[in-house]
Amino acid sequence: MNRREFAQKILLAGIALPIAGNDILANTNVTNNKGTSTLINAYYFRAHMYTLVPRHVREDLKWMADVGTNVVTLSVLEQDLFAATKNIEFVVNEASKLNMKVWMVPARWGGLFAGAPKVPEVAVNNMVALLFKMENMMNFPAVENYKITLDPRMPGMGNHSSPNNVDLSYDAASQTYMGKLSLTMTGYWKLNLKLLNETGEIVKGEAVTEENFESSLFFEIEF
């Protein structure tokens, strides 16, 4: 199945495509493994990617079934349709044994669908972030026109940085913060950040120096 065929089967990135069992998207009157009519859908993040440990997957799925889950959703990259078919098949079969269905949602397809993050490359990568402010437990409005400085480091390699990074600035069209992340080798990276408000004042985070090894505001990646 190619990108176009897959995308045609969904209306939005958040609508899942069943790949095992009967289609129950339109059927909200179902009974889960606990005997209630509530549909419980568990998002199983990247379990099928790269090396799969069968025992771990079985334990995860058993736990999901025990708490009443009746749908497991996988986020699938385009490459997974040819590189992870055996792993996906294993998850589907094991879930079926526990009376759970499996759905897929597209992830990072042509920049059109959100989902599992794209695997980074040894290159200058596009970086996108969202920023929200907590008003209360129910309201998290988006924050506009701030700036996020970026200083990627490899703690296990002398804390060296990389060239050609671009700080994240607000893009009104997409309502996201966009920048460039330069990764010069594979391994563990800590993306040290500083959050600046409209006037350039630091809201959170610190500069990395010889005395200060890392910022208190950061992302972590390993690939």
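Relevant structure appears above.
Figured I'd write up the structure that's included with this text.

Cut-offs applied
- Residues numbered from 1 in each chain as written.
- Predicted model: local features only at pLDDT ≥ 70, side-chain atom pairs only at ≥ 80, totals over all residues.
- Heavy atoms only, no water.
- Helix = DSSP H or I, 4+ residues; strand = E, 2+ residues; numbered from the N terminus.
- Buried < 20%, exposed > 50% of the residue type's maximum accessible area, 1.4 Å probe, protein only.
- Phe/Tyr/Trp six-rings, centres within 6.5 Å; stacked < 30°, edge-to-face > 60°.
- Lys NZ or Arg CZ within 6 Å of the ring centre and 35° of its normal.
- Salt bridge = Lys/Arg side-chain N within 4 Å of Asp/Glu carboxyl O.
- Pairing = 2+ DSSP bridges.
- Right-handed = clockwise from strand over helix to strand, strands pointing away.
- Patch = residues over 30% accessible without salt bridge, like charges linked within 9 Å, V, L, I, M, F, W, Y side chains within 5 Å.
- Areas by Shrake-Rupley, 256 points an atom, 1.4 Å probe, with all protein chains shown as cover.
- Axes fitted to C-alpha atoms, helices over the stretch in contact; angles between N-to-C directions.
- Parallel < 35°, antiparallel > 145°, perpendicular 65-115°, else oblique.
- Left-handed = near helix turned anticlockwise from the far one by under 90°.
- Contact = heavy atoms within 4.5 Å.
- Nonpolar A, V, L, I, M, F, W, Y, C, P; charged D, E, K, R; others polar.

## Details of the environment of Lys62
Reasoning step 1: Examined against the element boundaries, Lys62 turns out to sit in helix α2 (residues 54-66).
Reasoning step 2: Classification of Lys62 by relative accessible area gives partly exposed; the value is 42%.

## Some thoughts on the packing of aromatic side chains
Reasoning step 1: With the rule as written, the count across this model stands at one aromatic pair.
Reasoning step 2: In this structure, Lys190 is placed above the aromatic ring of Phe218, and the distance from its NZ or CZ to the ring centre is 4.2 Å.

## Overview of the pattern of salt bridges
Reasoning step 1: Summed over all chains, the structure comprises seven salt bridges.
Reasoning step 2: As a salt-bridge pair, Arg55 and Glu59 come within 3.2 Å of each other at their nearest N and O atoms. Here the residue Arg55 and the residue Glu59 both occupy positions in helix α2, the gap between them amounting to four residues, near one helical turn.
Reasoning step 3: Among the residues examined, Glu59 registers a relative accessible area of 43% and is labelled partly exposed.
Reasoning step 4: A network of salt bridges, in which partner residues are shared, links Arg58, Glu94 and Lys97.

## A word on the pairing of strand β2 (residues 41-44)
Reasoning step 1: Judged by which residues are buried, β2 turns out to be one-sided: Ala42 and Tyr44 face inward and are buried, whereas Asn41 and Tyr43, on the alternate face, are not.
Reasoning step 2: Pairing of β2 with strand β3 (residues 71-76) involves four bridges; the strand directions are parallel. Looking across to β3, one finds that Ala42 is bridged to Val72.
Reasoning step 3: Taken together, β2, α2 and β3 constitute a β-α-β crossover, and its handedness is right-handed.

## Some words on a nonpolar patch on the surface
Reasoning step 1: Taken together, the side chains of Leu130, Phe132, Met134, Met137, Met138 and Phe140 define a hydrophobic patch exposed on the protein surface, amounting to about 740 Å² of accessible area.
Reasoning step 2: For Phe140, the location among the structural elements is in the loop between β5 (124-129) and β6 (147-153).

## Brief notes about the packing of α2 against helix α4 (residues 85-97)
Reasoning step 1: The N-to-C vectors of α2 and α4 enclose an angle of 40°; their axes lie 10 Å apart at closest approach. On the basis of their axis angle, the class for α2 and α4 is oblique. For α2 against α4, the interelement crossing comes out right-handed. Along the contact surface, α2 presents Pro54, Val57, Arg58 and Leu61, while α4 presents Phe90, Val91, Glu94 and Ala95.
Reasoning step 2: Partitioned by chemical class, the residues of the contact of α2 with α4 number six nonpolar, no polar and two charged.

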